[in-house]
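Per-entry structural report
Residue strings, one per chain:
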Amino acid sequence: MGLTTFKSLPGNDTVVTRALPTVLLYDEVGLDLFDRITYLPEYYLTNSEIDIFKLHGQEIVAEIPNDSDVIELGCGSLRKTELLLDALNKHRTGITYYAIDVMPRPLRESMSKLAARFSNISFCAMCGTYEESLPRLSKSTRPKTILWLGSSIGNYHSTEAAQFLAKISKTSLNVNDAILIGMDKQKQPSIIMDAYHDSQGITDKFELNILPHTNRIVMEYAAQQSDEARNSFIDQETIEKFKYVGFYDEAIGRHDSYLEACEDVVIRWPRSIAAQVKEICGSDDDIVIKRGERVYIESSYKYSDSAADVLALVSGLTLSRTWTDPREYHMLSLFRK
Ligand code: AVI
C-alpha cells in the first residue's frame with residue numbers, strides 16, 4: 001500500500017477526485033474509535049445484531065455441529081461474540097473458535113478474555129489477512145462455520161463481495177460448511193444518516209483518522225528509503241483543512257463517506273520516494289485538492305430483503321436461513337456450500 005494513497009479517480013470533473021483505501025481507517029486509534037461507534041445510540045447496527053443473537057441464539061447454534069471449527073473474520077465486538085460463544089459453550093462440545101484479524105492487539109485482548117470465560121471451547125488467534133489465514137484452516141476436515149458479522153460485507157462493493165464469498169467457498173469450505181453473514185438492511189434514510197453522523201462526532205474522528213494513519217505509513221516507507229530528514233507527508237495543519245461528509249443514496253442502498261477539503265490543500269510527496277511514486281502513479285506531482293473536492297473513504301451498503309438470495313446465486317452458495325431483529329433493521333443470513 002502506501003504509494004497508491006490519494007490515487008486519482010477517473011472522471012475528474014466530479015467533486016470526488018481521489019480515494020484512499022478503506023482499510024486505512026483501521027490503525028490502533030481507528031479501532032478504538034470504531035469500538036466507541038458500536039456503543040453509540042445512533043449506530044443501531046451492533047445492537048440490532050446483538051438482538052438477533054439474543055432472540056435466535058439457540059437456533060443459530062443448532063446450525064453449528066459438535067466437534068467443529070467456528071472461524072470469525074475480524075475479531076468483531078466482544079459483546080456479540082460473547083453471546084454466541086456462551087450458547088456454544090453450553091450446548092456444544094468440541095468447538096474450536098478461531099479469530100482472524102490483521103491487528104495483533106484486539107486479537108490478543110479478546111482471546112484472553114474469552115478463553116477465561118468459556119472453558120468448553122478451544123481458542124486460537126490468527127494474525128493476518130483473511131486471504132493468508134483461511135487457506136491454513138482449509139486443511140482441517142472438521143465442519144466449519146465462518147462468521148462474517150457486523151455488516152463488514154457492506155464495506156465491499158457488490159461484485160467484490162460476491163467474488164470474495166465465491167473465493168472463500170472455493171478455497172476454504174467443504175460441502176455443507178457454512179458462512180453466517182451480518183447484513184444491514186435498507187430502512188428509513190434518516191435512521192441511516194444518523195448512524196453515520198452521530199451527535200458526539202465520533203464518526204467524524206474515525207473517518208478523519210485515516211489521514212494521520214496514511215501519513216504514518218508513507219513516512220515510515222520514506223524513512224526506509226533514505227534517512228533524509230522530513231517533516232510530514234500530511235501534517236496536522238493539512239488534516240485540519242478537511243471535514244468528514246457522508247451521503248445516503250436510497251435508490252442504491254449505500255452510504256458513502258468522504259473527506260472534503262474546506263480550503264485548497266497541497267500535499268508533497270517525500271523526496272526519497274519520488275521515483276517509486278512516479279513509477280506507480282505515473283507522476284510524483286504535488287497532490288492538489290481544491291476547496292470543496294472530496295476524497296472517497298468508504299461505502300456502507302444497506303441490503304434489500306432479496307439481497308441474501310442474490311448473493312447466494314452469484315457466489316454459488318445456498319441460502320439456508322435468515323434471522324432478523326424485532327425492528328427488522330439488520331439480518332443474519334446463513335449460507336451453505
Ligand atoms: C465496519 N463497518 C461495517 C462500519 C460501517 O458501518 O460501514 C464502519 C463505519 N463507518 C462509519 N461508521 C462505522
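Per chain, residues are indexed from 1 in the order of the written sequence. Where totals are concerned, whole chains, interfaces and linings use all residues; where local detail is concerned, this predicted model gives features only for residues with pLDDT of at least 70, and gives and counts side-chain atom pairs only at 80 or more. Neither water nor hydrogens contribute to the side-chain values; these are computed over all heavy atoms in the structure.

1. Focus: the side chain of Glu-207
Put simply, the rule reads: Going along the chain from the N terminus, every DSSP run of H or I of four or more residues is numbered as a helix, and every run of E of two or more is numbered as a strand. Each residue is placed in one exposure class: buried if its accessible area under a 1.4 Å probe, protein chains only, is under 20% of its type's maximum, exposed if it is over 50%, and partly exposed if it falls in between. Charged-residue counts in this description rest on Lys and Arg as positive and Asp and Glu as negative, His and the chain ends being excluded. The working definition used for a salt bridge is a side-chain nitrogen of Lys or Arg within 4 Å of a carboxyl oxygen of Asp or Glu.
Tracing the backbone shows Glu-207 in helix α8 (residues 202-208). Summary of buried charges: Glu-207 has no salt-bridge partner, and the nearest side chain of opposite charge, Lys-302, is 11 Å away.

2. Section: the environment of Val-266
Along the polypeptide, Val-266 turns up in strand β10 (residues 265-267). Residue class for Val-266 comes out partly exposed when judged on its relative accessible area of 43%.

3. Focus on helix α9 (residues 210-225)
Put simply, the rule reads: Multiply 1.5 Å by the residue count of a helix minus one, and that product is the helix's expected span. Only heavy atoms matter for contacts: two residues are in contact if any of them lie within 4.5 Å across the pair.
For α9, spanning 16 residues, the distance from its first C-alpha to its last is 23 Å, which sits close to the expected 22 Å at 1.5 Å a residue. For α9, the full list of buried residues reads Ile-210, Leu-211, His-213, Thr-214, Asn-215, Val-218, Met-219 and Ala-222. Buried residues belonging to α9 abut α8, α10 (236-239), β8 (242-249), β9 (254-261) and β12 (294-301).

4. Details of unusual backbone geometry
Its identity is not glycine, yet Asp-67 carries a phi of approximately 50°, on the positive side. Assignment of secondary structure puts Asp-67 in the loop between α2 (44-62) and β3 (69-73). In the Ramachandran plot, Asn-176 falls in the positive-phi region, its phi being about 80° despite a non-glycine side chain. Note that Asn-176 resides in the loop between α6 (158-172) and β7 (178-184).

5. Remarks on the layout of surface pockets
Cut-off, in case you're wondering: Residues are called lining when one of their atoms sits within 4 Å of a cavity or pocket point, these points coming from a 1 Å grid over the protein atoms alone, where a cavity is a set in which a 1.4 Å probe fits but cannot get out and a pocket is an open set with protein on both sides within 12 Å along at least five of seven lines. Grid points are joined across faces, edges and corners, and a volume is the space filled by probe spheres set on the points. When residues are sorted by character, Ala, Val, Leu, Ile, Met, Phe, Trp, Tyr, Cys and Pro go into the nonpolar class, Asp, Glu, Lys and Arg into the charged class, and all the rest, Gly among them, into the polar class.
In this model, the second largest pocket occupies a volume close to 240 Å³. Contributing to the lining of the second largest pocket are 16 residues, with Ser-158, Tyr-303, Ala-307, Val-310 and Leu-311 lying nearest its centre. Sorting the residues of the lining of the second largest pocket by element identifies α6 and α12 (307-315) as the ones contributing at least two each. Grouping the amino acids of the lining of the second largest pocket by side-chain chemistry returns eleven nonpolar, four polar and one charged.

6. Things to note about the nonpolar core
Inside soluble globular proteins, nonpolar side chains tend to come together where they are buried. Note the threshold: By convention a nonpolar core is built from buried Ala, Val, Leu, Ile, Met, Phe, Trp, Tyr and Cys residues, the set being connected through side-chain atoms within 4.5 Å.
Core analysis: the biggest nonpolar cluster contains 37 residues, and Ile-210, Leu-211, Phe-233, Phe-242 and Leu-259 have the highest contact counts within it. Considering every element that reaches this core, the biggest residue donor is α9, with five residues.

7. Structural notes on the site of the ligand
Put simply, the rule reads: Any residue with a heavy atom positioned within 4 Å of a molecule or strand is treated as near that molecule or strand. Whenever a nitrogen or oxygen atom comes within 3.5 Å of another N or O atom, the pair is scored as a polar contact, on the condition that within protein one atom can donate a hydrogen and the other can accept it, and that pairs from neighbouring residues in sequence are kept only if both atoms are in side chains. In short, Shrake-Rupley with a 1.4 Å probe defines the accessible areas, and a residue's cover is counted only from the protein chains shown.
Close contacts around the ligand come from 13 residues, with Tyr-43, Asn-155, Tyr-196, Glu-298 and Ser-300 the closest. Contacts to the ligand include Tyr-43, whose side-chain N or O atom sits 2.6 Å from an oxygen atom. Within the side chain of Asn-155, an N or O atom sits 2.9 Å from an oxygen atom of the ligand. Protein chains shield 96% of the accessible area of the ligand, which is 340 Å² for the free molecule. If you list the elements that add at least two residues to the shell around the ligand, you get α1 (28-38), α8 and β12.

8. Some points on the side chain of Asn-89
Tracing the chain through its elements places Asn-89 in helix α3 (residues 78-91). Residue classification places Asn-89 among the buried positions, given a relative accessible area of 14%. The contact partners of Asn-89, leaving out residues within four places of it in the chain, are Arg-117, Phe-118, Ser-119, Asn-120 and Ile-121.

9. Focus on the pairing of strand β5 (residues 121-127)
Our working definition: Between any two strands, pairing holds if DSSP finds at least two bridges.
Here strand β4 (residues 95-101) runs beside β5; their pairing, made up of seven bridges, is parallel. Its bridge partner lying in β5, Asp-101 is registered against Cys-127.

10. Some remarks on the packing of α3 against helix α4 (residues 104-117)
Put simply, the rule is: Axes here mean lines fitted to C-alpha atoms, for a helix over just the part in contact, with angles spanning 0 to 180 degrees between N-to-C directions. Each angle receives one of four descriptions, namely roughly parallel if under 35 degrees, roughly antiparallel if over 145, roughly perpendicular if within 65 to 115, and oblique otherwise. With the far helix as reference, a near helix turned anticlockwise by less than a right angle produces a left-handed crossing, and one turned clockwise produces a right-handed crossing.
Contact geometry for α3 and α4: axes closest at 11 Å, N-to-C directions at 30°. When the interaxial angle is binned, α3 and α4 end up roughly parallel. α4 is crossed by α3, and the crossing has right-handed handedness. Contacts between α3 and α4 involve Leu-78, Thr-81, Glu-82, Leu-85 and Asn-89 from the former and Ser-110, Lys-113, Leu-114 and Arg-117 from the latter. In terms of residue class, the contact of α3 with α4 is made up of three nonpolar, three polar and three charged.

11. Considering the pattern of salt bridges
If charged atoms from side chains of opposite charge come close, those side chains can pair. Under the criterion given, the structure shown has 17 salt bridges. Note that Asp-177 and Lys-144 form a salt bridge whose closest N and O atoms lie 3.6 Å from each other. Residue Asp-177 is found in the loop between α6 and β7, and its partner Lys-144 is found in strand β6 (residues 144-148); the two are separated by 33 residues along the sequence. Of the residues examined, Asp-177 reaches a relative accessible area of 3% and is grouped as buried. A salt bridge links Lys-302 to Asp-184; its shortest N-O distance comes to 2.8 Å. With Lys-302 in the loop between β12 and α12 and Asp-184 in strand β7, this pair connects stretches of sequence that are 118 residues apart. For Lys-302, a relative accessible area of 2% puts it in the buried group. Residue Asp-184 is classed as buried on the basis of its relative accessible area of 0%. Within the structure, one salt-bridge network assembled from shared partners comprises Glu-59, Glu-63, Arg-321 and Arg-336.

12. Some remarks on a negative patch on the surface
Selection rule: Residues enter patches when they are more than 30% accessible in relative terms and free of salt bridges; like-charged ones are connected within 9 Å and nonpolar ones (Val, Leu, Ile, Met, Phe, Trp, Tyr) within 5 Å. Where a charge lies is defined by one atom per residue type, namely NZ (Lys), CZ (Arg), CG (Asp) and CD (Glu).
Taken together, the side chains of Asp-235, Glu-237, Glu-240 and Glu-263 present a region of like negative charge at the surface. Residue position: Glu-240 is located in the loop between α10 and β8.

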